[in-house]
Amino acid sequence: MNDPEYSEGHQPIRWIGTHPIYLAHYVAFVFGVSMVVTAILYALGFQGPLSILYFQSLAVFHGQVWRVVTYGLVNPPDLWFVVELLMIVWFGREVEKFFGRRQFLALYAGLYLIAPAVHMLAGLRTPTGLVGESGGFGLFIAFAVLYPDAVMLFNFLAKWVAVVFLGVYSLEFLANHDWLGLVDLAAQSGFAFLFVRYQQGRIALPSFSRPERPAPAIVETRPKLTSAMVEADELLDKVARSGLSSLTAKERARLDAAREELRKRGRR
């Protein structure tokens, strides 16, 4: 998909005055509300109701699968979380405008579910937990892949800002021996990169077509002609031209022998 078709999916969902509202804005709004609600419940000492939303690998393995989806709705107030919400608004909007609402939703769903998927795999060995997620950084990586030469703050290109952020995040995880966080970062960034490249038509999924079977060999069912049969044909041609009396005694004997051979082959 090199040039996305401009359709209804690329249009804003609605307008507020002269401001277009996209799906990315609704996503950021939901997470913003979750941060406010989390802060209020923490302030009132009602953390208990939130505990059923956390991602816990053991709980998921015991059937509480809703935690795979609800883990991102618990967001204690944090300045960096607010920055990620702005990433959803700015960069998510541009990605949605380019690819359309459906593809944006597929991208965001993948980014959102990668973290619990990584933690579930790690939970096969050691129980893991996860709480809070916006997916904003993954959308920024997708934007940087889509518009690598876009000029950002202090005239830095988007691709270099993405490289710097990835480098700083990686160093932070390494310094803290947070190998799971490092894997999560690599998985989300890699998914965003591959998704954009695939939608641009620059990579293709591997095909697993069945190998073609060789055509069955054609078995010759007609009887092979022997020298006696060939000679019999010649003798019959002679009879057709000059009559049976034109055959000599030896030729008539050979013709009779050929007839007998054909009769025996027909009984098999």
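Here the structure is a predicted model, which is why all the values come from computation and not from measurement. (Residues numbered from 1 in each chain as written. Predicted model: local features only at pLDDT ≥ 70, side-chain atom pairs only at ≥ 80, totals over all residues. Heavy atoms only, no water.)

Attention now moves to the overall build of the chain. The helix and strand inventory of the chain stands at 11 helices and four strands. Considering the chain as a whole, with its 268 residues, one finds that 35% of them fall into the buried category. Sequence-distant contacts in the chain: of pairs separated by 6 or more residues, those separated by 24 or more amount to 66%. Carbon and sulfur atoms make up 65% of the accessible area of the chain, which totals about 17300 Å². (Helix = DSSP H or I, 4+ residues; strand = E, 2+ residues; numbered from the N terminus. Buried < 20%, exposed > 50% of the residue type's maximum accessible area, 1.4 Å probe, protein only. Contact = heavy atoms within 4.5 Å. Areas by Shrake-Rupley, 256 points an atom, 1.4 Å probe, with all protein chains shown as cover.)

What follows is about the packing of helix H1 (residues 23-44) against helix H5 (residues 79-99). It is at 8 Å that the axes of H1 and H5 come closest, and there the two elements cross at 165°. Considering the angle they form, H1 stands roughly antiparallel to H5. Handedness of the H1/H5 crossing: right-handed. Mapping the contact onto sequence places Leu 23, Ala 24, His 25, Val 27, Ala 28, Phe 31, Gly 32 and Met 35 in H1 and Phe 81, Val 82, Leu 85, Ile 88, Val 89, Gly 92, Arg 93 and Glu 96 in H5. (Axes fitted to C-alpha atoms, helices over the stretch in contact; angles between N-to-C directions. Parallel < 35°, antiparallel > 145°, perpendicular 65-115°, else oblique. Left-handed = near helix turned anticlockwise from the far one by under 90°.)

Right, let's get into the pattern of salt bridges. All told, the structure shown has three salt bridges when counted by the stated rule. In this structure, the salt-bridge partner of Arg 93 is Glu 94, at a minimum N-O distance of 3.2 Å. For Glu 94, a relative accessible area of 21% translates into the label partly exposed. For Asp 149, the salt bridge identified is with Lys 159, shortest N-O distance 3.2 Å. Here the residue Asp 149 occupies a position in the loop between helix H7 (136-146) and helix H8 (158-175), and Lys 159 occupies one in helix H8, the gap between them amounting to 10 residues. Under the relative-accessibility criterion, Lys 159 is labelled partly exposed at 31%. The network of salt bridges with common partners includes Arg 93, Glu 94 and Lys 97. (Salt bridge = Lys/Arg side-chain N within 4 Å of Asp/Glu carboxyl O.)

It is worth spelling out the confidence of the model for the chain at this point. For the chain, the mean per-residue pLDDT works out to 85, and 78% of the residues sit at or above 70. Note on residues 1-5: pLDDT is under 50 here. Beyond four places in sequence and across chains, it has 11 contacts. (pLDDT = per-residue confidence, 0-100.)

This part is about the packing of H7 against helix H9 (residues 179-199). Between H7 and H9, the least distance of the axes is 9 Å, while the angle of their chain directions is 40°. Here H7 lies oblique to H9, going by the angle between them. Regarding H7 and H9, the two cross each other, and that crossing is right-handed. Of H9, the residues touching H7 (which contributes Phe 137, Gly 138, Ile 141, Ala 142, Val 145 and Leu 146) are Leu 185, Ser 189, Ala 192, Phe 193, Val 196 and Arg 197. Looking at side-chain class alone, the contact of H7 with H9 contains nine nonpolar, two polar and one charged residues. (Nonpolar A, V, L, I, M, F, W, Y, C, P; charged D, E, K, R; others polar.)

Turning our attention to H7. The buried fraction of H7 is high, at 11 of 11 residues. Buried within H7 we find Gly 136, Phe 137, Gly 138, Leu 139, Phe 140, Ile 141, Ala 142, Phe 143, Ala 144, Val 145 and Leu 146. Buried residues along H7 sit in contact with H5, helix H6 (101-123), H8 and H9.

Take unusual backbone geometry next. Despite not being glycine, Phe 154 has its phi angle at roughly 60°, a positive value. For Phe 154, the position within the fold is in the loop between H7 and H8. The exposed category is assigned to Phe 154, whose relative accessible area is 68%. With a phi close to 55°, His 177 is a non-glycine residue in the positive phi region. Turning to its location among the elements, His 177 is positioned in the loop between H8 and H9.

Quick look at the layout of surface pockets now. Over the atoms rolls a probe the size of a water molecule, and in doing so it shows where empty space is left. Taken as a whole, the largest pocket encloses approximately 640 Å³ of empty space. Lining the largest pocket are 25 residues; nearest its centre among them are Trp 80, Glu 84, Glu 133, Tyr 169 and Phe 173. For the lining of the largest pocket, the element with the most residues is H9, which contributes five residues. The residue inventory of the lining of the largest pocket, partitioned by class, reads 11 nonpolar, eight polar and six charged. For the second largest pocket, the calculated volume is near 270 Å³. Lining the second largest pocket are 13 residues, and of these Phe 91, Met 152, Leu 153, Val 161 and Phe 165 sit closest to its centre. Secondary-structure elements contributing two or more residues to the lining of the second largest pocket are H5 and H8. Split by residue class, the lining of the second largest pocket holds 13 nonpolar, no polar and no charged. (1 Å grid on protein atoms, 1.4 Å probe; cavity = no way out; pocket = protein on both sides within 12 Å on 5 of 7 lines; lining within 4 Å. Points joined across faces, edges and corners; volume = space filled by probe spheres on them.)

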